Structures are given as C-alpha cells and as structure tokens.
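Structural overview
Read off the chains here:
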Amino acid sequence: MEALVNQLPIGLAIGAVLLLAALGLNFTFGQMGVINMAHGELIMVGAYTAYVLHAWVGINPAYSLLAALPTAFAVTGTLGWLLETTLIRHFYGRPLDTLLLTFGIGMILQQAARDIFGAPNVDVPAPTWLTGGITLPGDIRIHYSRLFILALAITCVIAIAHYLNRSRQGRRMRAVIHNRDLAAVSGINTRTVDATTFFIGSGLAGIAGVALTLIGPTGPTLGTNYIVDAFLVVVVGGLGRLSGTVLAAFALGILNATVEAWADASLAKLIVFTAIVAFLQARPQGLFTVKTRALT
Amino acid sequence: MAPTPTRTLTALTLTLGLTLTACSGNDTQGITDDTVTVGMIHSLSGTMAISEVTVRDAVQLAIDEINADGGVLGRTITPVIEDGASNETTFAERAEKLLQSDNAATVFGGWTSASRKAMLPVFERNNGLLWYPVQYEGLEASPNIVYTGATTNQQIIPALDYLREQGHTSLYLVGSDYVFPRTANQIITAYADAHDMDITAEEYTPLGHTEYSTITNDIARTEPDAVFNTLNGDSNVSFFQQLRSAGVTADDTPVLSVSVAEEEVEGIGTDNITGHLTAWNYYQTTDNDTNGVFVDAFTERYGTDRVTSDPMQSAYNSVYLWKAAVEAADSFDVDDVRAALDGITIDAPEGTITLDGDTQHVIKTARIGQVNDEGLIDEIWTSPEPIVPDPYLQGYDWAADLNG
Amino acid sequence: MTTTEPTPTLLHRLRGPATLAALLAAALLLLPQLLEPFRLNLLAQYLCYAIVALGIALAWGRGGMLTLGQGVYFGLGAYAMAMHLTLQATAADPLAPDLPPFMVWSGLTQLPWFWRPFTSPAVAVLAAILIPGTLAALLGWSVFRRRVRGAYFAILNQALAAAFVILLIGQQHLTGGSNGLTNFPVFAGQSLYTPTAQTTLYTLTVLTLTATYLLFRHITHSRYGKLLIAVRDAEDRVRYLGHNPTWIKTLAYTLAAMAAGAAGALFVPIMGIISPTLIGVIPSIMMVLAVAIGGRHSLAGAAAGAIIMNTAQTTFAETFAGGWTYLQGALFVLVIALAPQGLAGLATTLKNRLTRPTPTEPDPAPAPAAERSTP
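Residues numbered from 1 in each chain as written. Chains lettered and ligands numbered in written order. Predicted model: local features only at pLDDT ≥ 70, side-chain atom pairs only at ≥ 80, totals over all residues.

Before going further, it helps to spend a moment on the overall build of chain A. In terms of regular secondary structure, chain A is built from 11 helices and two strands. Secondary structure elements in chain A, listed N-terminal to C-terminal, are α-α-α-α-β-β-α-α-α-α-α-α-α. For 296 residues, the compact-globule estimate of 2.2 N^0.38 gives 19 Å, and the C-alpha radius of gyration of chain A, at 19 Å, lies within 12% of that figure. Across its three principal directions, the C-alpha atoms of chain A cover 60 × 50 × 35 Å. In chain A, buried positions account for 60% of the 296 residues. Intrachain contacts of chain A at a sequence separation of at least 6 include 77% that bridge at least 24 residues. (Helix = DSSP H or I, 4+ residues; strand = E, 2+ residues; numbered from the N terminus. Rg over C-alpha atoms; globule rule 2.2 N^0.38 Å. Buried ≥ 20, exposed ≤ 12 C-beta atoms within 10 Å, placed from the backbone. Contact = placed C-beta atoms within 7 Å.)

Of the regular secondary structure elements, chain C holds 15 helices and four strands. A buried classification covers 54% of the 375 residues belonging to chain C. For chain C, the share of sequence-separated contacts (at least 6 apart) that also reach a separation of at least 24 residues comes to 80%.

On to the pairing of strand 1 (residues 35-42) of chain B, then. Residues and elements named next belong to chain B. Strand 1 sits mainly inside the fold: seven of its eight residues count as buried. Pairing of strand 1 with strand 2 (residues 76-83), which is carried by eight bridges, proceeds in the parallel orientation. From the neighbouring strand, threonine 35 faces strand 2, where its bridge partner is threonine 76. Pairing of strand 1 with strand 3 (residues 107-109), which is carried by three bridges, proceeds in the parallel orientation. Pairing of glycine 39 across the sheet is with valine 107, part of strand 3. (Pairing = 2+ DSSP bridges.)

Let's shift gears to the interface of chain B and chain A. Counting residues at the interface gives 31 residues for chain B and 31 residues for chain A. Looking at the side of chain B that touches chain A, the elements that each hand over two or more residues are helix 2 (49-68), strand 7 (198-205), helix 7 (213-222), helix 8 (235-245) and helix 9 (262-268) of chain B. Partitioning the side of chain B that touches chain A into residue classes produces eight nonpolar, 16 polar and seven charged. (Nonpolar A, V, L, I, M, F, W, Y, C, P; charged D, E, K, R; others polar.)

Moving on: the pairing of strand 14 (residues 367-371) of chain B. All names here are of chain B. With four of its five residues buried, strand 14 lies for the most part within the structure. Across five bridges, strand 14 lies against strand 15 (residues 377-382) in antiparallel orientation. Bridge pairing in strand 15 places glutamine 370 opposite aspartate 378.

Turning next to the sheet that holds strand 15 of chain B. Residue and element names in this part refer to chain B. Judged by pairing direction, the sheet is mixed, and its seven strands sit side by side in the order 7-6-8-9-10-14-15 without closing on themselves. With one partner strand each, in any of the chains shown, strand 7 and strand 15 form the two edges of the open sheet. Neighbouring strand axes in the sheet, compared pairwise and without regard to direction, differ in orientation by 25 degrees on average. Relative to strand 9 (residues 255-257), strand 8 (residues 226-230) runs parallel, the two sharing three bridges. In the strand pairing of strand 9, valine 227 is matched with valine 255. The strands that helix 6 (residues 179-194) touches are strand 6 (170-176), strand 7 and strand 8; relative to strand 6, the one it contacts most, it runs at about 165 degrees. (Axes fitted to C-alpha atoms, helices over the stretch in contact; angles between N-to-C directions.)

All names here are of chain B. Between its first and last C-alpha, helix 11 (residues 289-302) extends 20 Å over 14 residues, near the 20 Å set by a 1.5 Å rise per residue. Turning to helix 11, its buried residues are Asn291, Phe294 and Phe298. Buried positions in helix 11, seen along its axis, are confined to an arc of 60 degrees and lie on one side of it. The exposed set on the far side of helix 11, more than 90 degrees from its buried face, consists of Asp289, Gly292, Asp296 and Glu300. A positive backbone phi angle near 115 degrees is found at glycine 303, which sits one or two residues after helix 11. (Expected span 1.5 Å × (residues − 1). Arc of directions from axis to C-beta.)

In terms of residue burial, helix 8 of chain B counts as a mostly covered element, since 11 of its 11 residues are buried. Looking only at helix 8 of chain B, the buried set comprises B:Ser235, B:Asn236, B:Val237, B:Ser238, B:Phe239, B:Phe240, B:Gln241, B:Gln242, B:Leu243, B:Arg244 and B:Ser245.

As a further point, take the environment of C:Pro117. Residues and elements named next belong to chain C. Structurally, the position occupied by proline 117 is in the loop between helix 4 (101-105) and helix 5 (121-145). C-beta crowding within 10 Å serves as the criterion here: with 15 such atoms nearby, proline 117 is assigned to the partly exposed category. Separated by 18 residues in the primary sequence, proline 117 and leucine 99 place their C-alpha atoms 14 Å from one another.

Moving on, we come to unusual backbone geometry. Residue and element names in this part refer to chain B. Phi angles above zero are rare outside glycine, and leucine 73 is one such case at about 50 degrees. Tracing the chain through its elements places leucine 73 in the loop between helix 2 and strand 2. Although it is not a glycine, aspartate 196 sits at a positive phi angle of roughly 55 degrees. Along the chain, aspartate 196 turns up in the loop between helix 6 and strand 7.

Further remarks concern the nonpolar core. Counting residues in each nonpolar core, the largest one holds 334 residues, and the members touching the most others are A:Leu20, C:Ala53, C:Leu54 and C:Ala303. Taken domain by domain, the makeup of this core includes at least three residues from each of domain 1 (5-150 + 291-363) and domain 2 (153-285 + 366-403) of chain B. The residues touching C:Ala53, leaving out its near neighbours within four places in the chain, are C:Met287, C:Ala290, C:Val291, C:Gly294, C:Ala302, C:Ala303, C:Gly305 and C:Ala306. (Core = buried A, V, L, I, M, F, W, Y, C linked by C-beta atoms within 7 Å. Domains from an automatic or database assignment.)

Residue and element names in this part refer to chain C. Looking at chain C as a whole, its pLDDT mean stands at 84, while 89% of the residues score no less than 70. Mean pLDDT across the elements of chain C bottoms out in helix 1 (residues 10-34) (74) and peaks in helix 11 (residues 245-271) (95). Confidence drops under pLDDT 50 across residues 1-6; counting only partners more than four residues distant or on other chains, this segment forms eight contacts. Overall, residues 358-375 carries pLDDT values under 50, and its contacts beyond four positions in sequence, including any with other chains, amount to 37 contacts. Here the prediction assigns the complex a pTM of 0.87, and the interface score ipTM is 0.86. (pLDDT = per-residue confidence, 0-100.)

With that settled, the discussion passes to the packing of helix 2 (residues 37-62) of chain C against helix 11 of chain C. When two helices pack together, their arrangement is given by the angle between their axes and by how far apart the axes lie. Residue and element names in this part refer to chain C. Between helix 2 and helix 11, the shortest axis-to-axis distance is 8 Å and the interhelical angle comes to 175 degrees. Here helix 11 runs roughly antiparallel to helix 2, going by the angle between their axes. When its residues are assigned to classes, the contact of helix 2 with helix 11 shows 21 nonpolar, three polar and one charged. (Parallel < 35°, antiparallel > 145°, perpendicular 65-115°, else oblique.)

Below, the discussion takes up the packing of helix 11 (residues 265-282) of chain A against helix 6 (residues 150-170) of chain C. Taken N-terminus to C-terminus, the directions of helix 11 of chain A and helix 6 of chain C make an angle of 150 degrees; their axes are 9 Å apart at the nearest point. When the interaxial angle is binned, helix 11 of chain A and helix 6 of chain C end up roughly antiparallel. Where helix 11 of chain A crosses over helix 6 of chain C, the handedness of that crossing is left-handed. The segment helix 11 of chain A lies against helix 6 of chain C, with A:Ser266, A:Leu267, A:Lys269, A:Leu270, A:Phe273, A:Thr274, A:Ile276, A:Val277 and A:Leu280 engaging C:Leu156, C:Ala159, C:Leu160, C:Ala162, C:Ala163, C:Ile166, C:Leu167 and C:Gly170. The class makeup of the residues in the contact of helix 11 of chain A with helix 6 of chain C is 13 nonpolar, three polar and one charged. (Left-handed = near helix turned anticlockwise from the far one by under 90°.)

This is the structure:
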C-alpha cells in the first residue's frame, strides 16, 4: 500500500506520457478505425519540429518549446491530412489494409529522418524555466518537466472535450462516428469531417512528440518505442471514448509504476501486458464502449 | 478457382528463378592483381543504425587512407558494403553472402553481441575472418574473429578498480535487459563479493525504455556511492535526464557508464551528464600524435561537428591491424593471416597496441574519463600499463565460479 | 468461393495438379542445380516464410482474423527446434561442459526441467507444432468466445508478440536472452552445413510447403472452408443458423499457428539462428505484409507473396545498402494502394481482361465485407 502511494505521482507522470501519445490515436484509430502505424513516426516528426525550431531557426530555448507546440501540431496535422486525402480515405472499413499501408509510410518517414538529421540522437534542450522540481512526501522527486507534461495532457483533454461537445464541427464529428449514413443523410459532409478528424489526430501526435523531447531521446526511432503502448491504451479505454482513453492511460501508468516498485522494469512491462490481455478477456470492448446505431 | 492462382504461381516462380539465377551470376573474384575485396557489415537501417553508421564511416576512412597510400600488398581495397539492418539473421545472411559470393578476404563489422553470435558460425564454417570493433562481455575466443574492442578485464574490472580506489564501496547497478549488462553485472557482483563492496540494487529495463523515474528516485533515496551503468543507446538519454531531475549530481553519486561515448553525449544533453564517468580505452581527447592526425582526418572528411569515439577508433584500427598482418604474412589467406596475428603492433589513436595471438584480442590500456561541459570526455585515470586480454577471466581467482 | 465456375473439362481438371507437379519438379530438380548453395539456402528461408503465409491466408484471408502475432508461433516452433539443436551441439562437443554455454555463464548448474525432453528429436519436432497449436487454441477459444474481433484482435496479437519478446530476453539463463540460440552445427549426427545437408533441408521445406498447401486447399474447399468464409462475412448470421463461430475461428487460427510453428522449426537448421528480434511486433507485421502483397484470398498467392517480398528485400538491400528501406516502404504502399487483392488479384484481373473481354465470370475474389470493424 505504501508503495502504491509513493509510486502514485510517478504513475501519473508515466500515464500522462501514455495519454499524450494515445490522444491522437483516439481520433484516428478510436473514432475512424484506422490502425495508423505511422502514428509513432508522426510523434517523431513532432519531436524533430522542436529540434528544427531550436537548432536551425535558432529560437531561444526558453521559448522554442512553446513555439514548437502549435508548429508541430500544424506540421504533423498537415502531414496526416495529406495522408488521409491521398491514401487512407480509400481504405476505410479495412483496418488491416490501413495498418499495412501506414506501416510502409512509417518506414519511409523513419529513413527520411535518418537521412535528413543523421542517425544519432539530437539534443533538444529543455527551457531553463523547467529545471528543478518538487519533492513529495516519501522522498519522491517530480521534475517540473513531468508536471508540464501532465498539465499539457490535461489541457489537451479539456480542449478536445470542449471541441467535441461544444463546437459545431465537433458535434458533426460525433454524429459521423455514431452513424455515418444518417449523418450524411442529414447533410453533413462526411469527407470533410474525416479529413478534419485525421488532421486533429495527427496534430496531437506532433504535440506528443514535442513533449517527449523533454524526457527521452530525440531520434529516428523515437515513435516506435511508444506505438504499441499507445494502441493498448486506446483499446483498453474502449474505442472512441475520450474518457476511456484518459482513464486507461493513468491506470496503466500507475499499474506500471506500482509493479516497478518491487519488480524490475522488464518484468513490470510483462506483467502489465499480461494484465491487459486478461482485462480484455473480461471486458472485450474496453472500459467504455460507444453505442453505435449501425447494424453489424 | 484452382487454375488461376496456380498459374499465377508458375509465372511468379519463373520470374523468381530468373532473378535468382541472374543474381548468382555476378560472382566477384576476391583477390585480383590490382584489387582485394573486403566486406563491411553494419546496421545502416533500424534501431542500431544510430551507432553503427559512425563505425562504418571510420572503417571507410581507414580504407581510403590505405588506398591513397598504395593499398595492401600493392592492391587497392574494394569494400563491399552490406546493411545488417539491426537484425541478427540479416547479419548472418549478409556475412554468408560476403564470404561465399563476394569472396571477401576479410570482413569488418558487427556491433551487438547478438549480431556477433549470429555471424560466428558463418565465419567458422566458411573459414572467414571477422574484425569486431566493440567492447563486449567476453567469454569468447573464436579463431575466426579478431576482437579489437575491450574484453571485460580491459574495461569493467579496471573501472571497478578505479571506483574502489576512490573509496566507493556501495554500487547501484542499472542496465538494459540483454546479454552484455547481465554478464557484466555477474562479474561486478563477483568482484564486489571478493572486495568487500556492496551491491545495493540490480535493475534491468527493456531496450528502448524511457521511464526511469522509479529507478532514479530509488537512487536518490538510497544514495549509493556510485552507479554502474550498462544501459544501451537511447535509454541513456532518459536515464540521465531523469537522474538529474531526481536531484542526483555527479558529485554525490557519480554514474560510471560503459556504453556512453562521445557521440552519445550530445543526444543525452551535455548538461545532464557533465561530471559523470565513463570507462573506455580511447577518448577523442587522448593525447598523442596519431590521434591528432586521426581526429583531423575524420572531422575534415565528415564535418567538424562530428566526434570520434572508442568503437569508431577500434574499427579504424582493425583495418590497419589487418593490413599489418597481411603484410607480415605476405598473403591474404585467412590461415596465413591468422598465423601472423600474434605480436602485430601499430601506433593507433589510443596509443601503441599489440595483438595477442592466443585470444585474438588487442592488448590495450584502460582509461576512465569524465564528461566535460563541452561534451567531450577528459581522461582522469589510466591503467598503469597495457592490459593483456583475458576473455574468460582465468587470471582472476574471484571469477573462478563464473566459468562453471 | 465462387459457385459459377465453368464446367470443368478434362483439361481443366488436369491443369491444377499438372502445374503443381511441374512446379514441384522445377523446385526440387532444377533450382538446386542452378543456384549456388548460399542462394539455395536463402530460397529455403523464404519458403519457410511462405509456409507461415499459407497459415495467415487461411486465418486472415478466409477467416477474417487479423493475425498480427504469428511471430510468436513461428518463434515457439523455432525455439523448440533450436533447443534440441543446442543440446545436440553441447553433447557433440567433448570439450564443452554438459550445459549450453550461456547457461553456464548464467550460473545454472543443471539443465532446467523443460529443456530435458528436447534431447529427443521427435519431441522437439512434435513440440514445434503442438505447442503453438495448443497456445493458439487456448487463446483463440477464449478471445473468440468473448467475440473479440477486428482491430481489437489485431492489437491483442501485437501485445502478445511484444510480451513474448520481453519474456525471452528477460529469462536469459533459460532462453539465451537477446542473443537467442545459435551455433548448432549438427543434427542427428550429421553436419548441417554440407551442401548435401543444405539441399536436404531445402527439399524438406519444399515438401512441407507443398503438403501444407494441399492440406489448406483441401480445407478451404470443404464444408468447413465455406463456413469459415461465412463467419468472416457475417458472423452473427452464422450464429443464427445454429453454428458456433467460436470453434470455426479457433480451428483456423490454430492451424495457422501450427503452420507457423512448423516453419519456425525448419527455419532454425536452415539459418542456424533464432533470436527475439526475429519474432517481435515488426517481423509479425512483415509476415502479414507478405500475404497482403501476394494476395490474401489465394493460398498460392500468399505463398508467392512471401517469396517475392523476401526476394525483393534482399535484392533491394544488396543493391542499395541503407536506402533500401525507401524502396521497401514504397513497395508496401504501392501494392496495398493499387492492388488491394495483392499480386494474385492483379493477375486475375489482367487475365480476365486479356482472355475474356466479356465478363462471364464474377470476380473470384470480392472484397470481404467482414473485416469491417465497428465503423
């Protein structure tokens, strides 16, 4: 029990990273059924956007992080939008085809990053205002960059929830998810909605990429480290449910941190995977399910 | 539906057959009057490309230098470059191709233990010669491999000697989950038992792991004298960033790394690792004339932002060692070259090095370094004399149990 | 799949078996003469992947199950065989200790219990097929019973592959860790690396591939095969008709796993190595990609896809060291985008256009409605 309390903040920190990586998938995979294996590479592109702003454009590290967030959103969002309009839209309803297609695209993006930026990791310095941290009871130190990621993840979730529930476009998006044909009949342009959904989902990958430069390596294979975990978060949460994704990310983060307290990280990962498989036995549709009105 | 797919298959198989036959036609002569073919096999794609591309650059530099200087036994070296693609089978497969189809006189390459273990049987059954440039976990001495990096008694044991000299008696072990860290930690544990040192923890994380909060907080809380770090590649970035976040400084708890070299320092972020320790046999700052020439040649060719590191240097040396052995044997034949290996001495960037014929390892000096704020590594301790390689640690009483 | 095949004439009836026989003869008699040993060995390796592909074509193409974790079953088969070969190599070397070297260094003093049965070659061969089969049957039954399908099933399979790799790497003293198992020169007292041994292995692989093909072809043409397609296209309707989709799907998934296990067992003596990187998430995706390229609805197409993809990979890599991943990625994108039924589908379309200007026959490979996950 004490381990759980002590590890709670670490679990939240891990969960926030998982959440950021999975938020975009909640759109592209959760809502549109596209198994986007290039999502990891979009995260990588986001991270390199932060690097380019700092190292090539020469923006002061104190601001480059903040500048990188919207820039990366735009860059990866546009990339995702391009993919959707040129390729992916021909493959809706065929999840494995999109998986294979985006896997090929991911390979190309990864090698391109290697050729443009070189194979070694690049350094994206954290802004000075993020140095230092707070010490919690139990001698757990949480770095400000972790708190920043947590705050960023929560901000993104609130923004998405607001968008989906309050804005006109967001409501259209939900209408299309619930019943595409009925939405189309009601005069909603489903093509535009699909493209927008993909833009937002990919853009969120870019934001995740910028955040990941604070805690990990920035290199061509950055995304591959997160892709399986991110998919699992969305699956455990339940396809298409924002609240499910949020809950699943933090639950997995805390579970991971707790197990790590008494087993080593390799074993912890194995236990978490096993727990997920067992969980999906009990609740095959994840924590929450979307009631669609489509006939299966 | 039977005929159609079958017919498709016929057409496909015919095409395939033709392709394969075409491929098999381009056998190259390994050694001609003017040229000698050598193989280079490094991961140019996949997760290991990050490290191995730089090693390829160093080998290429050495080959070009030798060619500009008249080649080996009057023949120009023609390298055949293969991509190991960070995949052991690909390494084995490509190595087989280099030896059988290209008739390579020798092969330079490999990085991970897994890639070396995969290529070992290929080189043994084809009687080829592989020059392996990376420090590794020891416990191996194949007649078909020359190991130009350090074995454990040239890197890990000197590092432990240094830590003990400094009065560090409690060690925290953290490593990636694969063969080298696990073997290294067994040696460290045996050493600690024999020398009244204390191992406070032994933690492993999967390759590519990026969440080190639990471990770094544990280090901050338990305050060991030093951390012995065998993490591989990318994980070091997260580890050092998060270690600094946890408030651990190099003054309180120095981290001694055996897989962090100059080229990793930039990716880790110089601020995060300044003051921490490394154990290698060579640093870019190693002070001698040969190294000055090597660093100048390397940066002139590949750019002034590039750094040189121990594995690159060992790979660079291996080409020169091979050249010296070929010239001593006056033959490219693998058996002749092997017979000539013992006692081959060259002036390398790390200083004068000599090949030990029994183990086919290199006699070399161990060096402890400290990362400075420019991202380079300063030498702060040197083994009193060059260390004779002992891959099975037969010369150490406390290690007797490790060999079973 | 189609019920309106033209009335089979004698020629028609003979054409299938005759082509197969011709192919077999070419593969067994001609290629070993034409190819140098190294290339023959590569071809044998590709044929192993072709066996895996046949299983995927059955489970995915016919059954609509997104089998993204075939690397696990391939790996189980491969490790079963590799454990046997490792023990043989240890026994054959008079200088070596009684244990495989990696166990000695890991501090083990005796052989772990689950290694012991693998001293017998028969046990190893059986285990290579039955262990993957049993695991797949258990897993399949439990997830299909809960009606896990579509993308869920795919991601679950990926998680399984990721977890299996972590397990193998973490248990270094039992499995050889990230190095895997390698360096086993003998099987049944014979060196594995003589040209004769390599040709024998190649022949064995060709025969296994043929047998698997014939078996799966028989299955797809049987009543069960029709049920499997029905489950793929409309699982609930099959349920309403009184059939139980759970066992129909489990059987296909299990057969696919057993094919993968057999392929793994053949792969090990051919390549002389098995390690965790060969069976993780990405290799598993590659195995499915090969089937997509060849054509998921045709067994022969799937097998050809595996051979073509691997040949392309080797050719690209040999020609453009480093930059070849662009070509490979582009190949995947192009085939999936332009020929969603794979090369076999492309060939059928071409043939129909060339030989039959009037559409007398419906497209033999219609896009399945089944794969649609919840929209």
